[in-house]
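# Structural description and commentary
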Amino acid sequence: MTETNDQALAQEVAESDVSAEQEPAAAPEEASAGETVAIEVEAVPSEEASAKAAPEEAAPEEEQAVEEVPLAASALPFAAALEAKNPVEGKVIGWNKGGFHIASDGVTTFCPRSLMELGNRPKPPSHYVNNTYAFHVLEIKEAGRRIVLTRRPAIRNERRQALDEIRAKQESREPVSGKVTSVTEFGAFVDLGGGLGGLVHRTQISRTRNGEPADLVKVGQRIEALVTKVETKNGKRSARISLSMKALEADPWKETAKGFSAGDQFKGKVVRHCEFGFFVELAPGLDGLVHTSQLPIGKSMSHPAFATGEEIEGWIVEVAPKRRRIALSLREVPASDPWKDLGKQYVEGAEVEGKVEQVSRYGIFVELEPGLTGLLPMSAVKLPEGGLARRTYPPGREIKVVIESIDRKRRRLGLAPPGSQLVGTKTDYKKYRQRQKESSGLNVMAAAFAKLQQPK
């Protein structure tokens, strides 16, 4: 019986020793706080001593035993900050698996890892160590021996202030500065400070340079840009910010475009293709469009000479700075409007020579001279048996045609094959109608004159 009691007593002592050794390891942050904050608590007298000294005061002593332990003096500033919801400043001096040890006003406090950032995504611990931040007191435990902090309210305040500054700069068109954190195929992300980030879309990086975003900006580069938009959601401001670097560059359409005029020759580099043509860089930030209809006769956009990066030459058709548009042509542009000074050789019934421009389902378009094109209807085209118009009349082939009709208002020329009877008939009919008008006018005048000669 005695042996059993001795074994039980030894087991209790061993368990108490193990618990004493494991307690600091279970809560390292509490141990750190305990090293910095020391609280003195007076010993409570035993029940027997109290009964001997003053049996009649036993009840008041029981009430005194359940009173709260007074807050340590070192924790008073934190209690005041907690009540007033004011921030406190702290320096990160270490960390463990659960969070970070913060030295604030000579006291070691603790901030859980989940409360160091918004969204529960803290950075690696080395990012915080030896840095000083603003915190808010979350709670005070164990009479001030354990003080828990959070950084989230301070981050929200910083972002709110930073966003207000961004808004003010957007309204005043004052540039903001930041550091490029990443570059993707659709633009560059920029750290603006205060926990805010912005995006410079690829179309907003530069007026004067073309290429992929990675060729124009680099990670770590400091840039300046204008804020073009701060997106809103549900009526509240958010931190999605759109930026423009090219807005700070000089607009080439205001000055550079003045050096280009319709009819001038140009030399430039093909920079990009689109569905209806391709763009040519005439000057930094100044591109002109070559429409598919303005390609050389017999060539298409897939021709190697029009590949991106190739140098080409041509003529300027139109310059419209207000519409930010320059129209280009790889065909010779006439010095003057051929319709205003239509040559004497272009009369109905005249046989002329031209060059096949293209073949469509309506007929064959024939260029008589730069800026002057007529249509030979498919119904009038004579093809060999089994032949195709596109093969019989390839672009660039020179053919002879007869001018069947001229419509100056709509700027249209109707063409027909040489020797067509239709042309002569129509021309003769027009001349006949003109003679009728002239003769009818003379007859009316003669009748009026004869009437005046009659006696009254």
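Here the structure is a predicted model, which means the values were calculated and not measured.

Our next topic: unusual backbone geometry. Here E142, not a glycine, exhibits a phi torsion of approximately 50 degrees, which is positive. Along the polypeptide, E142 turns up in the loop between β4 (132-141) and β5 (146-150). Given the relative accessible area of 34%, E142 is considered partly exposed. Of note in this structure, R173 is not a glycine but carries a positive phi near 55 degrees. As for its placement among the helices and strands, R173 is situated in the loop between α6 (152-172) and β6 (176-184).

Once that is clear, we can look at the side chain of E281. Its place among the elements puts E281 in strand β12 (residues 277-283). Buried charged residue E281 carries no salt bridge. Nearest counter-charge: K269, at 4.6 Å.

Following the criterion strictly, the structure yields 15 salt bridges and no others. Across the pair E212 and R202 runs a salt bridge, and its minimum N-O distance is 3.2 Å. Here the residue E212 occupies a position in the loop between β8 (196-201) and α7 (213-216), and R202 occupies one in the loop between β8 and α7, the gap between them amounting to 10 residues. Relative accessible area serves as the criterion here: at 40%, E212 is assigned to the partly exposed category. Taking relative accessible area as the criterion, R202 reaches 33% and is therefore assigned partly exposed. Across the salt bridge formed by E313 and K267, the nearest N and O atoms sit 3.6 Å from each other.

Turning to the nonpolar core, a few remarks are in order. Nonpolar side chains in soluble globular proteins tend to end up buried together. Residues I166, L192, I241 and L243 are the most contacted members of the largest nonpolar core, which totals 20 residues. Among the elements of the structure, α6, β6, β7 (187-193), β8, β9 (222-233) and β10 (236-244) are those that each provide at least two residues to this core. With 4 residues, the top contributor of residues to this core is β9. When residues no more than four places from it in sequence are discounted, the contact partners of L243 are V176, V190, L192, G198, L199, V200, H201, Q204, A225, L226, V227 and T228.

Turning our attention to α6. When the terminal C-alpha atoms of α6 are compared, their 30 Å separation across 21 residues agrees well with the 30 Å that a helix rising 1.5 Å per residue should span. Looking only at α6, the buried set comprises A154, I155, A162, L163, I166 and Q170. Buried residues of α6 fall within an arc of 165 degrees about the axis and therefore sit on the same side. Summarising the geometry of α6, the exposed residues directed more than 90 degrees from the buried face are Q161, E165 and E171. Just downstream of α6, R173 is the residue with a positive phi angle, here 55 degrees.

Right, let's get into the pairing of strand β2 (residues 99-104). Of all 6 residues in β2, 5 are buried; the element is thus mostly enclosed. Examined bridge by bridge, strand β1 (residues 87-95) and β2 share 4 bridges and lie antiparallel to one another. Across the sheet, residue G94 finds its bridge partner in β2, namely H101. Counting the residues in the hairpin turn of β1 and β2 gives 3 residues. Summarising the sheet, β2 and strand β3 (residues 107-112) pair through 6 bridges and their orientation is antiparallel. Each residue of the ladder has a partner; that of G99, found in β3, is P112. The loop that links β2 with its antiparallel partner β3 comprises 2 residues; one of these, D105, has a positive phi angle of about 55 degrees.

Under the definition given, this model contains 5 aromatic pairs. Their ring planes at 25 degrees and their centres at 5.4 Å tell us that F278 and F306 sit as a pair that is stacked. Of this pair, F278 sits in strand β12 while F306 sits in the loop between β13 (286-291) and β14 (311-320), and the two are 28 residues apart along the sequence. The class for F278 is buried, based on a relative accessible area of 0%. Aromatic ring contacts, followed pair by pair, group F100, Y128, Y133 and F135 into a single cluster. The side chain of R151 reaches across the aromatic face of Y133, ending 4.2 Å from its centre. For the cation-ring pair, R272 lies above F279, with the distance from its terminal atom to the ring centre recorded as 4.3 Å.

Attention shifts here to the sheet that holds strand β11 (residues 265-274). The strands that make up a sheet are held in pairs by hydrogen bonds between backbone atoms, and each pair lies either parallel or antiparallel. With mixed pairing, the 5 strands of this closed barrel are ordered in space as β11-β12-β13-β15-β14. When strand polarity is set aside, the average angle formed by the axes of neighbouring strands in this sheet is 50 degrees. Sheet topology note: the β11/β12 ladder contains 5 bridges and is antiparallel. Note on β12: the bridge partner recorded for H273 is F278.

Judged from the 5 bridges that link them, β11 and β14 form a sheet pairing that is antiparallel. Opposite Q265, over in β14, you have W315 as the bridge partner. Hairpin remark: β11 followed by β12, antiparallel, with 2 residues in the connecting loop.

Turning next to the environment of G194. Counting through the fold element by element, G194 comes out in the loop between β7 and β8. For G194, a relative accessible area of 34% puts it in the partly exposed group. When neighbours within four sequence positions are excluded, G194 is seen to be in contact with E158, R159 and A162.

Reading the values: rules and limits
Residues numbered from 1 in each chain as written. Predicted model: local features only at pLDDT ≥ 70, side-chain atom pairs only at ≥ 80, totals over all residues. Heavy atoms only, no water. Helix = DSSP H or I, 4+ residues; strand = E, 2+ residues; numbered from the N terminus. Buried < 20%, exposed > 50% of the residue type's maximum accessible area, 1.4 Å probe, protein only. Lys, Arg positive; Asp, Glu negative; His and termini not counted. Salt bridge = Lys/Arg side-chain N within 4 Å of Asp/Glu carboxyl O. Core = buried A, V, L, I, M, F, W, Y, C linked by side-chain atoms within 4.5 Å. Contact = heavy atoms within 4.5 Å. Expected span 1.5 Å × (residues − 1). Arc of directions from axis to C-beta. Pairing = 2+ DSSP bridges. Phe/Tyr/Trp six-rings, centres within 6.5 Å; stacked < 30°, edge-to-face > 60°. Lys NZ or Arg CZ within 6 Å of the ring centre and 35° of its normal. Axes fitted to C-alpha atoms, helices over the stretch in contact; angles between N-to-C directions.

Any link to function would need more than the numbers given here.
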